[in-house]
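So the chains spell out like this:
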Amino acid sequence: MRLHLLAILYLTQLTTACAFGTNYVRLRPTVTTPLPNGGRDVAVEVKDSRPDLSGTQVGFKRNGYGAKTGSVELGGGITLSNSLANDTVVLLRQGGYRAKSVSEDLSRPASVVVKEDIVSFVVDNKMGMWSGAVEGVAVVRVDLEETAGRQSWSDVVRAYAKKEGLQFASESDQQEVVSDLYRNLLSSLAAQLLPVLASRSNQAGTGAVVQSTDATPPSAEARLGELRDLFEKGLISPEEYKTKRAKIMQGL
């Protein structure tokens, strides 16, 4: 009898737990940050190169067999690329840069352009026999370019999020993982991008970006100081701070 009931429950999960249609989730609201009076002028450009997703879509709904039954999309009509552009501008302004999106009126020419290419940002269900998880992966390529078009720095920012032990994936579970994934992405972006911009500003003096191959790497003391500033401003999480600090200390 008990096995019979479990079988019914499992079949119900396969057929009805993940309904057809679209689940809508929201990213955290972008904090309005005024343009600083001083600092370097930085332009932000974001494009979405995800092969299977685009625009507002950030994930898939699946049934117990693993078949796609719908999508997970951002509510409010704002695309992922626009959200990332807006939040990158906020990160840079909080770091003391006169940052604007390339879609804004750039009344003053930018000395450097931050180009972000969204390679992956997807939340998907991974369901097993009796339980499963909602997993999220984000990969963004970041390039720094001078206004003349010369690339001076490039790196890949990655972020992950996961919620396990689920009998089925609900809309609230997807909302939680999308929020965590996006927050982790912004945290990793700040931890990798802001120290590089700061070191370029210090080395260039006049604000021009210098080639990374010719630049003297910042000292461990300077890197620790920059990392501490990011943490105190709330731009990186305590976990990011501990991990990055440990890596710097290992290099001593």
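Refer to the preceding data block for the structure.
Residues numbered from 1 in each chain as written. Predicted model: local features only at pLDDT ≥ 70, side-chain atom pairs only at ≥ 80, totals over all residues. Heavy atoms only, no water.

**Q** Now, about the overall build of the protein chain: what can you tell me, with residues and values included?
**A** Each helix and strand in the protein chain was counted, giving 5 helices and 8 strands. Each helix (α) and strand (β) of the protein chain, taken in turn from the N terminus, gives the series α-β-β-β-β-α-β-β-β-β-α-α-α. Taken across its 252 residues, the protein chain has 46% of its residues classed as buried. Considering only contacts in the protein chain between residues 6 or more positions apart, those separated by 24 or more positions represent 71%. Summed over all atoms, the accessible surface of the protein chain reaches about 13,100 Å², with 53% contributed by carbon and sulfur. (Helix = DSSP H or I, 4+ residues; strand = E, 2+ residues; numbered from the N terminus. Buried < 20%, exposed > 50% of the residue type's maximum accessible area, 1.4 Å probe, protein only. Contact = heavy atoms within 4.5 Å. Areas by Shrake-Rupley, 256 points an atom, 1.4 Å probe, with all protein chains shown as cover.)

**Q** Outline the nonpolar core, supporting the account with residue identities and numerical values.
**A** Membership of the largest hydrophobic core comes to 45 residues, with the highest contact counts inside it found for Leu84, Leu92, Phe121, Val142, Leu144, Leu185 and Leu193. Every element with two or more residues in this core is listed here: β2 (41–48), β4 (68–74), α2 (80–94), β6 (112–127), β7 (132–146), β8 (151–166) and α3 (171–204). Here the element with the most residues in this core is α3; it accounts for 13 residues. In this structure Phe121 touches Arg50, Leu53, Val58, Leu80, Val137, Ala138, Val178, Leu181, Tyr182 and Leu185, once residues within four positions along its chain are discounted. (Core = buried A, V, L, I, M, F, W, Y, C linked by side-chain atoms within 4.5 Å.)

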